[in-house]
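One letter stands for each residue in the lines below.
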Amino acid sequence: MATAISAKVLERFPAGAPRGSWPAEEYAARRRAEGEPATVVMDLESDAFLVVVPPDDDACASASRRAAA
């Protein structure tokens, strides 16, 4: 069973990039240089690399507190 994660997807890159080419990693590095905490994950179902930003921890904590109330 797949586990769903909550993250904002910035960009998708097909997994079949030419040898020695890392477009998803390069895109994520540019976003990190701009101050965005971007990372690359593999979406096995679509065979693509996703550049994602994790959810805002404060927003997640607030939503959890509201759900628990």
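Above this text is the structure in question.
The structure displayed is predicted, hence computed values, not measured ones.

**Thoughts on the packing of aromatic side chains**
Applying the stated rule across the entire model yields 1 aromatic pair. Consider the rings of Phe 13 and Tyr 27, whose centres lie 5.8 Å apart with planes at 55°: the pair is tilted. Linking Phe 13 in strand β1 (residues 8-14) with Tyr 27 in helix α1 (residues 23-33), this pair joins segments that are 14 residues apart in sequence. Both residues of the pair, Phe 13 and Tyr 27, count as buried.

**Quick word on α1**
Taken as a whole, α1 has its buried residues at Ala 24, Tyr 27 and Ala 28. For α1, the arc enclosing every buried residue in end-on projection is 100°, short of the 170-degree limit, so these residues lie on one face. Following α1 by one or two positions, Gly 35 has its phi on the positive side, about 95°.

**What about the pairing of strand β2 (residues 39-43)?**
Consecutive side chains of a regular strand alternate in pointing toward one face of the sheet and then the other. Sheet topology places β2 next to strand β3 (residues 48-53); 5 bridges connect them, and they run antiparallel. In the sheet register, Thr 39 faces β3, and the bridge partner there is Val 52. Adjacent in sequence and paired antiparallel, β2 and β3 are bridged by 4 residues, among which Asp 47 carries a positive phi angle near 50°.

**As for the pattern of salt bridges**
Overall, the coordinates contain 3 salt bridges when judged by the stated rule. Measuring nitrogen to oxygen at the nearest pair gives 3.6 Å for the salt bridge that ties Arg 12 to Asp 43. Residue Arg 12 is found in strand β1, and its partner Asp 43 is found in strand β2; the two are separated by 31 residues along the sequence. For Arg 12, a relative accessible area of 44% puts it in the partly exposed group. Given the relative accessible area of 21%, Asp 43 is considered partly exposed. Linked by salt bridges that have partners in common, Arg 31, Glu 34 and Glu 36 make up one network.

Rules and cut-offs
Residues numbered from 1 in each chain as written. Predicted model: local features only at pLDDT ≥ 70, side-chain atom pairs only at ≥ 80, totals over all residues. Heavy atoms only, no water. Phe/Tyr/Trp six-rings, centres within 6.5 Å; stacked < 30°, edge-to-face > 60°. Helix = DSSP H or I, 4+ residues; strand = E, 2+ residues; numbered from the N terminus. Buried < 20%, exposed > 50% of the residue type's maximum accessible area, 1.4 Å probe, protein only. Arc of directions from axis to C-beta. Pairing = 2+ DSSP bridges. Salt bridge = Lys/Arg side-chain N within 4 Å of Asp/Glu carboxyl O.

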